[in-house]
Amino acid sequence: MACRANRIAALLILAGCARPPASASATPRPLITPGPALGVVREGWHTGLIVPEAELTGTLKLLRAQLPPAPFVVIGWGQRRYYMARDPGLLTGLAALFPSASVLHVRAWRPRTDLRPSRHRTWLHLPAGGWSGLRTFLDRAFAQGPRGHLEALGAHDRRGLFFASTATYDALHTCNTWTMQALRAAQLPAASTGVLFAGQVRHALRVNPLRRFRTAPPAPSKHGP
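Let me begin by describing the structure that accompanies this report. From a predicted model like this one, the values you see are computed outputs, not experimental measurements.

From N to C terminus, the protein includes 8 helices and 8 strands. Of all 225 residues assigned to the protein, the portion counted as buried reaches 46%. Contacts spanning at least 24 positions in sequence make up 75% of the contacts within the protein whose residues lie at least 6 apart.

Here it is in structure tokens:
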């Protein structure tokens, strides 16, 4: 994944930047509105979002027509060249430490009945305005062409599609920074400052104030792949 470049970043960035950031300032817990949960997935050094397909509205609705039918869509962000490379080498990883173009990877996902709940997936209920804020964040993350179409960059060699992103990737703004920014946009008490590694995201999800929003995983699908 694109965030494997963080292995190199870990050797170059001051240790203080790698410590889990202080929790967001304590604020009264907002009311949680009924509705679907948002998922956070951890895949090695990389984290991303699991978004209910029904929440892809507006510009994001264009994604639904390009992916196989499924109740969820996994969205990951990272350095464009590294993320899209079949076998990224050391030079590609080093280049990812400097400001450069980014990419979004999108794939359909369907929970299966034969799989146990994964410790690599965390589900969060969103407070009021959470889904609206997250949709705005994602809508701005996808680069759009002159006619409002998402700028597709091709298919993953195994699964999913790549789309151009508007944000800039560098050693101090990684996929894990982006994940925490997305949670913040979803009106959750998430702090992205100093977050570089997946372990920091995992830590933030396990402690208050984010822990208070955790919920059970959605029911698995009985049909489909």
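Taken as a whole, this structure holds 3 salt bridges when the rule is applied. Of the charged contacts, one joins Arg 107 and Glu 43 as a salt bridge, the two residues approaching to 2.9 Å between their closest N and O atoms. Note that Arg 107 is positioned in strand E4 (residues 100-109) and Glu 43 in strand E1 (residues 38-43), a separation of 64 residues in sequence. We classify Arg 107 as buried; its relative accessible area is 10%.

Turning to the nonpolar core, a few remarks are in order. Counting 40 residues, the largest nonpolar core has Leu 49, Leu 134, Leu 138, Trp 178 and Leu 183 as the members making the most contacts within it. Here this core gets 6 residues from one element, more than from any other, and that element is helix H7 (residues 175-185). Every residue in contact with Leu 134, bar those within four places of it in the chain, is listed here: Leu 38, Leu 49, Ala 182, Ala 185 and Ala 186. Listed in part, the 7 residues of the second largest apolar core include Ala 37, Ile 50, Trp 109 and Trp 123.

Here the idea is plain: a probe the size of a water molecule rolls over the atoms and shows the empty space left. Counted under the stated rule, the structure contains 1 cavity of 30 Å³ or more. Considering only enclosed or pocket space, the largest cavity measures out at about 30 Å³ in volume. Lining the largest cavity we find 10 residues, and of these Glu 43, His 46, Val 74, Gly 76 and Arg 107 sit closest to its centre. Looking at the lining of the largest cavity, the elements with two or more residues in it are E1, strand E2 (46-52), strand E3 (72-79) and E4. Partitioning the lining of the largest cavity into residue classes produces 4 nonpolar, 4 polar and 2 charged.

Conventions adopted
- Residues numbered from 1 in each chain as written.
- Predicted model: local features only at pLDDT ≥ 70, side-chain atom pairs only at ≥ 80, totals over all residues.
- Heavy atoms only, no water.
- Helix = DSSP H or I, 4+ residues; strand = E, 2+ residues; numbered from the N terminus.
- Buried < 20%, exposed > 50% of the residue type's maximum accessible area, 1.4 Å probe, protein only.
- Contact = heavy atoms within 4.5 Å.
- Salt bridge = Lys/Arg side-chain N within 4 Å of Asp/Glu carboxyl O.
- Core = buried A, V, L, I, M, F, W, Y, C linked by side-chain atoms within 4.5 Å.
- 1 Å grid on protein atoms, 1.4 Å probe; cavity = no way out; pocket = protein on both sides within 12 Å on 5 of 7 lines; lining within 4 Å.
- Points joined across faces, edges and corners; volume = space filled by probe spheres on them.
- Nonpolar A, V, L, I, M, F, W, Y, C, P; charged D, E, K, R; others polar.

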